[in-house]
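Here's the letter readout for the chains.
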Amino acid sequence: MASERARLRGLYAVTPGIADTAALCARVRQALAGGAAMIQYRVKEAPGSLALEQARSLAALCVQAGVPLIVNDSVDLALAVGATGVHLGRDDEDPREARRRMPHALIGVSCYADPEKARIAARAGADYVAIGSVFASSTKPHAVRAPLELLAQAREASRLPVVAIGGITADNAAEAIAAGADMVAVIQAVFDAPDVRAAAGAFARLFESPASGRHDARAQPQPL
């Protein structure tokens, strides 16, 4: 997965809970047009049939755009729709089992505010790790805060690309990138924006500056 890992840089757009599949796809299409580097389908409360319908639709959009689709929480759903990969939290399937079931997938693991979890995730077969909540988040208001310095610590521990998550906006994303984030995971600041394409573009441009480019070499996987 080294070639896929090397692409993990930029805006990681995480979908909001929208029951209307056409409306969800319209917003994701705009995020892709704005430059989203990866899409995560995140659904917490939806019938299985709706989740399957939406994930299939998003998988088709992402294939057309040449952008990875990651399914949150569910290896079964990721396999069912041919997603690029899966993102796992503390209550989800073990990364080793996910790797066994999806040998060629991108596997991400939430490490919260603990860089040691990033080291463990890497050894278990993860392709990237997520650290957060780096800022106060309305999506998870009770989440433990993760100081920005943990982003660099997680990369050092795991030798994997690091995603910053939690409360990220166009105003503070540059802080996370400067602190070592290879990607920023965003829900509301993209999908709740009046112009989703423009909002996604604002995040994508943050990764085009010479200052942000200094992280590229460190984003490459290294032997553990």
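Above this note sits the structure.
Colleague: Requested: an account of the pattern of salt bridges, with residues and values cited.
Modeller: Proximity of charged atoms lets side chains of opposite charge pair with each other. One pass over the structure, following the stated rule, counts seven salt bridges. The salt bridge partner of D127 is R99, with a shortest N-O separation of 2.6 Å. One end of the pair, D127, is in the loop between α6 (115-123) and β6 (128-132); the other, R99, is in helix α5 (residues 95-101), with 28 residues separating them in the sequence. An identical accessibility class is assigned to D127 and R99; each is buried. Residue R155 is joined to D182 by a salt bridge in which the shortest nitrogen-to-oxygen separation is 2.6 Å. Of this pair, R155 sits in helix α7 (residues 149-158) while D182 sits in the loop between α8 (173-178) and β8 (183-186); the two residues are 27 residues apart in sequence, bridging distant segments of the chain. By relative accessible area, which is 4% here, R155 ends up buried.

Colleague: Quick rundown of the sheet that holds strand β4 (residues 85-88)? Include the residues and the values.
Modeller: Spatial ordering of the closed barrel is given by β1-β2-β3-β4-β5-β6-β7-β8, a layout of eight strands whose pairing is parallel. Strand-to-strand twist in this sheet, taken as the mean axis angle between neighbours without regard to direction, amounts to 25°. Bridge count between β6 and strand β7 (residues 162-165): four bridges; the pairing is parallel. Its bridge partner lying in β7, A130 is registered against V163.

Colleague: Hey, could you go over the layout of surface pockets for me, with residue numbers and the actual values?
Modeller: Considering only enclosed or pocket space, the largest pocket measures out at about 740 Å³ in volume. For the largest pocket, the lining is made up of 34 residues, of which R42, T139, K140, I165 and G166 are closest to its centre. Top contributing element to the lining of the largest pocket by residue count: β6, with three residues. Residues of the lining of the largest pocket, tallied by class, amount to 13 nonpolar, 14 polar and seven charged. When its volume is computed, the second largest pocket comes out at roughly 270 Å³.

About the criteria used
Residues numbered from 1 in each chain as written. Predicted model: local features only at pLDDT ≥ 70, side-chain atom pairs only at ≥ 80, totals over all residues. Heavy atoms only, no water. Salt bridge = Lys/Arg side-chain N within 4 Å of Asp/Glu carboxyl O. Helix = DSSP H or I, 4+ residues; strand = E, 2+ residues; numbered from the N terminus. Buried < 20%, exposed > 50% of the residue type's maximum accessible area, 1.4 Å probe, protein only. Pairing = 2+ DSSP bridges. Axes fitted to C-alpha atoms, helices over the stretch in contact; angles between N-to-C directions. 1 Å grid on protein atoms, 1.4 Å probe; cavity = no way out; pocket = protein on both sides within 12 Å on 5 of 7 lines; lining within 4 Å. Points joined across faces, edges and corners; volume = space filled by probe spheres on them. Nonpolar A, V, L, I, M, F, W, Y, C, P; charged D, E, K, R; others polar.

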